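Overview (structure and organization)
Residues per chain, in single letters:
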Amino acid sequence: MHTKVGVAMLLGVAAGWALQQFAEASYLTTTVVKAGLEVQMQVLDPECQRALWLTPLVMAADIFMRLLKMLIVPLVLSSIVTGVAGISGGKEFGRLGAKTLGYYLTTSLLAIVTGLLVINLTQPGVGAALHLAIPDHFAPGEGSSFLDILQRMVPPNVFSALSDNGQMLQVIVFALLLGFFIGRVGEPHSQRLRELFDSFFAVMMAIASAVLKLIPYGVFALVAKVVGETGFAVFQPLLLYMSIVAGALLFHAMVVLPCLLKFVGGISPWRWFRAMSPAMMTAFSTSSSSITLPVTMESAEHRGGVSNKHTSFVLPLGATINMDGTALYECVGVLFLSQYYASSGDFDLTLGKQLFIVLTALFASIGAAGIPSAGLIMMTAILSALGLPTEGALMLLAIDRPLDMLRTMVNVWSDSCGAALIAKSEGDAILPES
Ligand code: ASP
């Protein structure tokens, strides 16, 4: 898949470039003919020419994006419900559950704050030459103070929340409650509903992997469109953006999480990383925490010394709801685009909106399924909630793969650090000398 995406990107650049040359050339020929023979000919503007040729690419990119968006609600719902219902029934849920959720929320928030600081300090989106259309006005969701948002997280009507992409927070709140009570309601209902949602989730994942097979074609269409429309200038801000995301992710993975391991758990970060290296490599090469989960559990148990009781509680839940890399990425990506719209249009990037982004990034990371590019799909939901066009997410998709590999690794690394810390606090012998 990685090779295919790489090749698709190069082909997209070549096709986009050819398109540009062709549009320019056709303009010149027309002018020469017109001047030489003094024939009245309609001059074909290169812009029109380009637009004509770009139409099929724009359509292909749009269909691809629609397929991804189609999956958001059913995937979020089924992934959270299966993850939470699977563990909420056990007697241990109280203490272990509180520790696990505490760790997951804390590290995700730390990751988001890292992203928030870095993007505000570097401001890569301000005045960036992204060539995205600026809408005349931005239509944000109603009331964006922090308390308004908290209040709006509770869905008054589940079905209307499910039918509106802007209401992701409500869907997630409902999914968390549903999953929790499916585990608690007792037999025979727990078992039946768990099986129902497990199967639904499996089908959604199957559809998602079929759609994701189209990624190389989507990337080709997107890159050709962007290069054909705007040339190579757009890559400069995108490269800057990529290096900022990568830097922030590495800081979280190599400084923040190791500090927690060392100072909270007294565990050697380096030795823990070595124990988890098979999982890290799998995460990096598959871009999927769900596919990596069996390797993460195996490594934590057999190489790290976490007991099965703890790996089987902490890690599956982590692969579903704990995504530090994704949380950081959501925050940085949305703020990057917000900075662009604030500097080029009249979008007002207030402190309230930044807080809104922090909170929605947290929930979007909880809701994102552990599959490639899920973080990017969730980003469209945040953008719509802010009243921003989702076209920006489409542009970021063109360069998503390397960032996805990195953030998936950070997601899995954070799950594993959580497993080590929680297991140690429960008395497991972590990293026993062999
Ligand atoms: N690919 C990531 C994962 O599986 C999710 C994301 O796209 O951020 O953890």
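Predicted model, so just to flag it, every value in this text is computed and none were measured.

When helices and strands are counted, the protein chain shows 17 helices and 0 strands. Relative to its full complement of 434 residues, the protein chain shows a buried share of 52%. Looking at the protein chain alone, contacts between residues at least 24 apart form 83% of all its contacts between residues at least 6 apart. Accessible area of the protein chain: about 18700 Å², with a carbon and sulfur share of 68%.

On to the site of the ligand. Close to the ligand lie 16 residues; Ser 289, Thr 326, Gly 375, Asp 404 and Arg 407 are nearest. Here a nitrogen atom of the ligand sits 2.9 Å away from a polar atom, N or O, in the main chain of Ser 287. The side chain of Thr 408 places a nitrogen or oxygen atom 3.1 Å from a nitrogen atom of the ligand. Secondary-structure elements contributing two or more residues to the shell around the ligand are α15 (374-386) and α17 (400-425). The element that contributes the greatest number of residues to the shell around the ligand is α17, accounting for 4 residues.

Attention now moves to a nonpolar patch on the surface. Taken together, Leu 250, Phe 251, Met 254 and Val 255 make up a surface patch of nonpolar side chains, about 370 Å² in accessible area. Its location among the elements puts Val 255 in helix α9 (residues 235-265). Exposure remark for Val 255: the relative accessible area of 35% places this residue in the partly exposed category.

Right, let's get into the packing of aromatic side chains. One pass over the full model with this rule turns up 6 aromatic pairs. Taking the centre distance of 6.1 Å and the plane angle of 20° together, the rings of Trp 270 and Phe 273 count as stacked. In this pair, Trp 270 and Phe 273 both sit in helix α10 (residues 269-286), 3 residues apart, roughly one turn of the helix. The class for Trp 270 is exposed, based on a relative accessible area of 53%. Classification of Phe 273 as partly exposed rests on a relative accessible area of 30%. Note on Phe 273 and Trp 413: the rings are 5.4 Å apart at their centroids and 80° apart in plane angle, and the pair reads as edge-to-face.

Glancing now at the nonpolar core. Leu 75, Leu 130, Tyr 241, Trp 272 and Leu 396 are the most contacted members of the largest nonpolar core, which has 138 residues in total. Element by element, the count of residues in this core is highest for helix α2 (residues 46-88), at 16 residues.

What counts as what
- Residues numbered from 1 in each chain as written.
- Predicted model: local features only at pLDDT ≥ 70, side-chain atom pairs only at ≥ 80, totals over all residues.
- Heavy atoms only, no water.
- Helix = DSSP H or I, 4+ residues; strand = E, 2+ residues; numbered from the N terminus.
- Buried < 20%, exposed > 50% of the residue type's maximum accessible area, 1.4 Å probe, protein only.
- Contact = heavy atoms within 4.5 Å.
- Areas by Shrake-Rupley, 256 points an atom, 1.4 Å probe, with all protein chains shown as cover.
- Near = heavy atom within 4 Å.
- Polar contact = N/O pair within 3.5 Å; in protein donor to acceptor, adjacent residues only side chain to side chain.
- Patch = residues over 30% accessible without salt bridge, like charges linked within 9 Å, V, L, I, M, F, W, Y side chains within 5 Å.
- Salt bridge = Lys/Arg side-chain N within 4 Å of Asp/Glu carboxyl O.
- Phe/Tyr/Trp six-rings, centres within 6.5 Å; stacked < 30°, edge-to-face > 60°.
- Core = buried A, V, L, I, M, F, W, Y, C linked by side-chain atoms within 4.5 Å.

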